[in-house]
Structures are given as structure tokens and as C-alpha cells.
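Structure at a glance
This is what each chain is made of:
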Amino acid sequence: MMFVEARVRRRKRPVTLEPKVVREKEEMLAELRGVRERTLAFIEETRGRSKYWMAHPFLGSLNAYQWLQSLAAHEKRHMKQMPEIAGTLPKTVTSLHK
């Protein structure tokens, strides 16, 4: 999972981000919270089971626990990207979000 978190090898996003999918900040945060709640519920429902397997495009076949580990590592990767992105924004934009 260190490979997922490490930013040694840059990846391109699989699809182009279309402006129509970007919504207001609070709406997008609410959607993220909903997904997180469903993920936590799934963890509770499947605790102790690893019979669920699914292919990952880069890591091969992962069980449910490994998928959750990769989600956490992927989130850490994005947390590392945020300061880099913020550093490239015009000062007027970054000062609005502090």
C-alpha cells in the first residue's frame, strides 16, 4: 500500500474532469461525507470477512480489507497533493480558503 500512497510515480486521472461535475463546496463535501458513511457501514457489515475479491487496475486482485487499505493510502496521497496545488494558486484564491 506504500506504493499507492507514494508520489514517486505520477498517474494521470482515468477520465477528464468535466466542469459540470464540479459543484458547490458544501454540496461536494456532503457527498463525500455520505460516501464515507457508507464505507464505514460496509466495514462494520463485513468485519472479519475477506471473501470479497475484486480486480484493481494496477494492484491486481484485492480482497475487501486490501481495498479499504488502498482507499486510505489513496486518500493520504491526495493529502500530500493539496499543499502542492495550493502553492500554485494565486495568492488571492489561497487566502480565501484559510
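Along each chain, numbering runs from 1 in the same order as the chain's sequence is written. For a predicted model such as this one, the threshold for reporting local features is a pLDDT of at least 70, and the threshold for listing and counting side-chain atom pairs is 80 or more; totals across whole chains, interfaces and linings nevertheless cover every residue. Calculation of side-chain values draws on the structure's entire complement of heavy atoms; hydrogens and water are dropped beforehand.

**Concerning the overall build of the protein**
The line we're drawing: Starting at the N terminus, helices and strands are each numbered in turn, a helix being any DSSP run of H or I of at least four residues and a strand any DSSP run of E of at least two. By definition, residues are in contact when any of their heavy atoms lie within 4.5 Å. Each accessible area is a Shrake-Rupley result for a 1.4 Å probe, and residues are judged covered by the shown protein chains and nothing else.
Within the protein, the regular secondary structure consists of four helices and two strands. Written out in order from the N terminus, the α and β elements of the protein read α-α-β-β-α-α. Across the protein, every contact between residues at least 6 apart in sequence was considered, and the portion connecting residues at least 24 apart equals 53%. Accessible surface, the protein as shown: approximately 8800 Å² in total, 62% of it carbon and sulfur.

**Describing helix 3 (residues 64-88)**
Given 3.6 residues per helical turn, the α-helix brings residues three or four places apart onto the same face. Filter applied, for reference: Expected helix span is given by 1.5 Å per residue-to-residue step, counting one fewer step than there are residues. A residue's bend is simply the angle between two axes: one fitted to the seven residues ending at it, one to the seven starting at it. Exposure is judged per residue with a 1.4 Å probe applied to protein chains only, and the accessible area is read against the type maximum: over 50% gives exposed, under 20% gives buried, and values in between give partly exposed. What qualifies as a polar contact is a pair of N or O atoms within 3.5 Å, subject to a donor-acceptor requirement within protein and to the restriction that residues adjacent in sequence count only when both atoms come from side chains.
With 25 residues, helix 3 should cover 36 Å at 1.5 Å per step; its first-to-last C-alpha distance of 36 Å lies within 8% of that length. Of all the bends in helix 3, the largest measures some 25° and sits at Gln81, one to four residues before the proline Pro83. Turning to helix 3, its buried residues are Ala64, Ser70, Ala73 and Arg77. The N-cap of helix 3, judged by a side-chain oxygen 3.0 Å from the amide nitrogen of Tyr65 a few residues on, is Asn63.

**Some details on the layout of surface pockets**
Gaps between atoms show up when a probe of the same size as a water molecule is rolled over them. So the rule is basically this: Both site types are read off a 1 Å grid over the protein atoms alone. A 1.4 Å probe that fits but cannot get out defines a cavity, while an open set with protein on both sides within 12 Å along at least five of seven lines defines a pocket; lining residues have an atom within 4 Å of a point. Grid points are joined across faces, edges and corners, and a volume is the space filled by probe spheres set on the points.
Approximately 170 Å³ is the volume found for the second largest pocket. Around the second largest pocket, the lining residues are Ile43, Thr46, Arg47, Gly48, Arg49, Ala64, Tyr65, Leu68 and Gln69. If you tally residues by element for the lining of the second largest pocket, the top one is helix 3, at four residues.

**Description of the packing of helix 2 (residues 25-45) against helix 3**
We count it as follows: Axes here mean lines fitted to C-alpha atoms, for a helix over just the part in contact, with angles spanning 0 to 180 degrees between N-to-C directions. For classification purposes, an angle smaller than 35 degrees is called roughly parallel, one larger than 145 roughly antiparallel, one from 65 to 115 roughly perpendicular, and anything else oblique. In this scheme the handedness of a crossing depends on how the near helix is turned from the far one: anticlockwise by less than a right angle means left-handed, clockwise means right-handed. Under the scheme applied, nonpolar residues are Ala, Val, Leu, Ile, Met, Phe, Trp, Tyr, Cys and Pro; charged residues are Asp, Glu, Lys and Arg; polar residues are all the others, including Gly.
Between helix 2 and helix 3, the least distance of the axes is 11 Å, while the angle of their chain directions is 150°. Considering the angle they form, helix 2 stands roughly antiparallel to helix 3. Taken as a pair, helix 2 and helix 3 cross one another with a handedness that is left-handed. Residues Arg36, Thr39, Phe42 and Ile43 of helix 2 form the contact with helix 3, whose own contacting residues are Ala64, Leu68, Leu71 and Glu75. Residue composition of the contact of helix 2 with helix 3, grouped by class: five nonpolar, one polar and two charged.

**Describing the environment of Leu59**
Mapped onto the elements, Leu59 comes out in the loop between strand 1 (53-56) and strand 2 (60-63). A relative accessible area of 30% means that Leu59 is categorised as partly exposed. When the C-alpha atoms of Leu59 and Ser70 are compared, they prove to be 9.3 Å apart, with 11 residues separating the residues in sequence.

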